[in-house]
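Chain by chain, the residues run as shown.
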Amino acid sequence: MDTGLVPLNELKEQSIERINAVQSQEDLNIIEKELFGRKSGFITLHMHSLRTLADSERRSRGGEINSIKSELENAIKSRRSFLEKKQMDSLSEEDLLDTTMNLPEEGHGHLHLIPEFISKVEEVFGRMGFDVAYGPEIETDEYNFDLLNFPKGHAARDMQDTFWVGDKDGEERVLRTHTSPVQIRYAKEHKPPFRMICPGKVYRKDADATHSPMFHQFEGMMIGKDISLKHLKGVMVTAMKELLSPDLDFRFRAGFFPFTEPSLEMDIKWQGDLSKSREGQWLEVAGCGMTHPNVLQNVGIDPDEWQGFAFGFGIERLLMIKHQIPNIRLFYLGDLRFLRQF
Ligand code: PHE
């Protein structure tokens, strides 16, 4: 019977050929519509033509149309995914999202001065063979004081005004007043010889232009067979020259810490004119000395066989000198006028 339609087999062959040759998704959509459009799609019209057939013929003809219909649908589906993939592959580099793209200068963030300096410290000491360690900010009385040779009730404990935070399991806890307990933790776990630094936050009950209740230190320790004050001075001065400036004005003077003997303090001269009142003044930047034999014994290192030094630098102090920052509070205010200068 002539329906005035393109015969099914011919329609199928022509259509598959066109589908497989089509180069864009838009053109594929057009073909799809020509075949399956609700009113005048070729396949749709073939389906409609079934109505005019007798029951028996309708069934076999219907089956034939359905199988060609699903063949064409599959061909369209696979061509569509081929074209999608081809389009993805052909996207040029510029069309892809570049997450490394530079932001405009305005609004471009950077690390805060303190963590930035800590990475520099880790790098400089890393080059001198120092390992980096970290320890808890809430310490036990034992690690913050006892093992560092501060006897209970000794006046030396008054050097570090302390925040006690109550006890746990019958043991007093304290916000660590210095990074020195990390020396103890590290030395208990490592066999000498070793060299390590440990940066971090510390807490003391003081506040003025150069003191804050929370500030940052980095500690260093080097233990070996014949480590002496000569090495201490060499390491500290080399690092400071690299971190601050090559023509640094520094001095060492005698000091006291229960965990070093002899003990020294390192001062650096304040330069620049931002803070006239400090011009030419010495600013204390570190405590240091030869590790006390009691401390070595406390961590299980034989003081007859091993010796070494330790130091602890105040990070804000160093940055104040380096950038002529007159007040320690500027570090913590988050004021963009300050932060943007670095
Ligand atoms: N922990 C001391 C302080 O915070 C500094 C120090 C460290 C001194 C290591 C000697 C050796 O004041």
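Note that the coordinates shown come from a computational prediction; the quantities given were computed from them, not determined experimentally.

Undergrad: Account for the sheet that holds strand E3 (residues 164-168), with residues named and values stated.
TA: Strands sit in the order E2-E4-E3 across an open sheet of three strands; the sheet is antiparallel. Unpaired on one side and paired on the other, strand E2 (138-140) and E3 mark the two borders of the sheet. Averaged over all adjacent pairs, the angle separating strand axes in this sheet is 35°, with direction ignored. Bridging between E3 and strand E4 (residues 171-175) involves three bridges; their strand directions are antiparallel. Residue Asp167 lies in a different strand from E4, and its bridge partner there is Glu172.

Undergrad: Give a description of the pairing of strand E10 (residues 307-314) that names residues and reports values.
TA: Of all eight residues making up E10, seven are buried, and the element is well covered by its neighbours. In this structure, strand E6 (residues 214-224) lies alongside E10, joined through eight bridges in antiparallel fashion. Across the sheet, residue Glu219 finds its bridge partner in E10, namely Gly312. Looking at chain direction, strand E9 (residues 282-291) and E10 are connected through five bridges and run antiparallel. Within E10, the residue paired with Cys288 across the bridge is Phe311.

Undergrad: Pulling in residues and values, what's your account of the side chain of Arg204?
TA: Looking at the secondary structure, you find Arg204 in the loop between strand E5 (194-203) and E6. Although Arg204 is buried, it makes no salt bridge; Asp206 carries the closest opposite charge, 5.8 Å away. Within the structure, the side chain of Arg204 is placed 2.8 Å from the backbone oxygen of Thr177, a separation counted as a polar contact. Non-local contacts of Arg204, meaning those with residues more than four positions away in its chain, are made with Met159, Gln160, Asp161, Phe163, Thr177, His178, Ser212, Pro213, Phe215 and Gln217.

Undergrad: So what about the site of the ligand? Which residues, and what values?
TA: Taken together, 15 residues are adjacent to the ligand, and His178, Ser180, Arg204, Gln217 and Glu219 come closest. Contact between the ligand and Gln217: an oxygen atom at 2.9 Å from a side-chain N or O atom of the residue. A total of three residues in the shell around the ligand trace back to one element, the largest contributor, which is E10. Tallied by class, residues from the shell around the ligand come to five nonpolar, eight polar and two charged.

Undergrad: Can you explain the domain arrangement of the chain? Please cite residues and give values.
TA: Each domain of the chain was delimited in the assignment, giving domain 1 (8-94) and domain 2 (113-339). Taken over C-alpha atoms, the centre of domain 1 sits 78 Å from the centre of domain 2.

Undergrad: With reference to specific residues and values, describe the sheet that holds strand E8 (residues 260-269).
TA: Ordered in space as E1-E5-E6-E10-E9-E8-E7, the seven strands form an open sheet in which the pairing is mixed. Since the sheet does not close on itself, it has two edges, and those belong to strand E1 (131-132) and strand E7 (250-257), each with one partner. Relative to E8, E7 runs antiparallel, the two sharing seven bridges. Residue pairing for E8: Arg253 is matched across the bridge by Glu265.

Undergrad: Outline the pattern of salt bridges, supporting the account with residue identities and numerical values.
TA: For the coordinates displayed, the defined rule picks out 18 salt bridges. Of the charged contacts, one joins Arg337 and Asp335 as a salt bridge, the two residues approaching to 2.7 Å between their closest N and O atoms.

Undergrad: Please provide a residue-by-residue account of unusual backbone geometry, values included.
TA: Cis geometry marks the peptide bond from Pro192 to Pro193; its omega dihedral reads 0°. Examined against the element boundaries, Pro193 turns out to sit in the loop between helix H7 (180-189) and E5. With an omega of -5°, the peptide bond between Glu261 and Pro262 qualifies as cis. As for its position among the elements, Pro262 is in strand E8. Residue Asn149 is not a glycine yet carries a positive backbone phi of 75°. Positionally, Asn149 belongs in the loop between helix H6 (141-144) and E3.

Undergrad: So what's going on with the packing of aromatic side chains? Which residues, and what values?
TA: As enumerated under the stated definition, the model contains 16 aromatic pairs in all. With a centroid separation of 5.3 Å and 80° between ring planes, the pair formed by Phe125 and Phe130 is classed as edge-to-face. On the basis of relative accessibility, which here comes to 0%, the residue Phe125 falls in the buried class. Residue Phe130 is classed as buried on the basis of its relative accessible area, which comes to 6%. Measuring from ring centre to ring centre gives 6.2 Å for Phe218 and Phe311, while their planes differ by 85°; the resulting arrangement is edge-to-face. In this pair, Phe218 is assigned in strand E6 and Phe311 in strand E10, connecting sequence segments 93 residues apart. The buried category is assigned to Phe311, whose relative accessible area is 1%. Put simply, the rings of Phe125, Phe130, Phe218, Phe309, Phe311 and Phe313 touch in pairs and so form one group of aromatic residues. One cation-aromatic arrangement involves Arg185 over Tyr143; the distance from NZ or CZ to the ring centre is 4.3 Å.

Rules of the game
The residue numbers shown here count from 1 along each chain, following its written sequence. Given that the model is predicted, a residue must reach a pLDDT of at least 70 before its local features are reported, and side-chain atom pairs must reach 80 or more before they are shown or counted; all residues, however, enter totals for whole chains, interfaces and linings. Calculated side-chain values reflect all of the structure's heavy atoms, with hydrogen atoms and water omitted. When DSSP locates at least two bridges between a pair of strands, those strands are taken to pair. Helix and strand assignments follow DSSP, with helices taken as H or I runs no shorter than four residues and strands as E runs no shorter than two, numbered in order from the N terminus. An axis is simply a line fitted to the C-alpha atoms; with a helix, the fit covers only the stretch in contact. Between two such axes, the angle follows the N-to-C directions and lies from 0 to 180 degrees. To sort residues, take the accessible area from a 1.4 Å probe on protein chains only and compare it with the maximum for the residue type: under 20% means buried, over 50% means exposed, and anything in between is partly exposed. His is not counted, nor are the chain ends, whereas Lys and Arg count as positive and Asp and Glu as negative. We count a salt bridge whenever a side-chain nitrogen from Lys or Arg sits within 4 Å of a carboxyl oxygen from Asp or Glu. Here a polar contact is taken to be a pair of N or O atoms separated by no more than 3.5 Å, where protein atoms must pair a possible hydrogen donor with a possible acceptor and residues adjacent in sequence count only if both atoms sit in side chains. Contacts were defined at the residue level, with two residues in contact if any of their heavy atoms lie within 4.5 Å. Nearness here has a simple test: a residue counts as near a molecule or strand if at least one of its heavy atoms is within 4 Å of that partner. Note that Gly is not counted as nonpolar here; it falls among the polar residues with everything else outside the nonpolar set of Ala, Val, Leu, Ile, Met, Phe, Trp, Tyr, Cys and Pro and the charged set of Asp, Glu, Lys and Arg. A domain assignment, automatic or from a database, supplies the domain bounds used here. Any pair of Phe, Tyr and Trp rings, taking the six-membered ring for Trp, is counted once the centres come within 6.5 Å. Such a pair is stacked with planes under 30 degrees apart, edge-to-face with planes over 60 apart, and tilted for the rest. Distance and angle both matter: a charge sits over a ring if NZ of Lys or CZ of Arg is within 6 Å of the ring centre and within 35 degrees of the ring normal.

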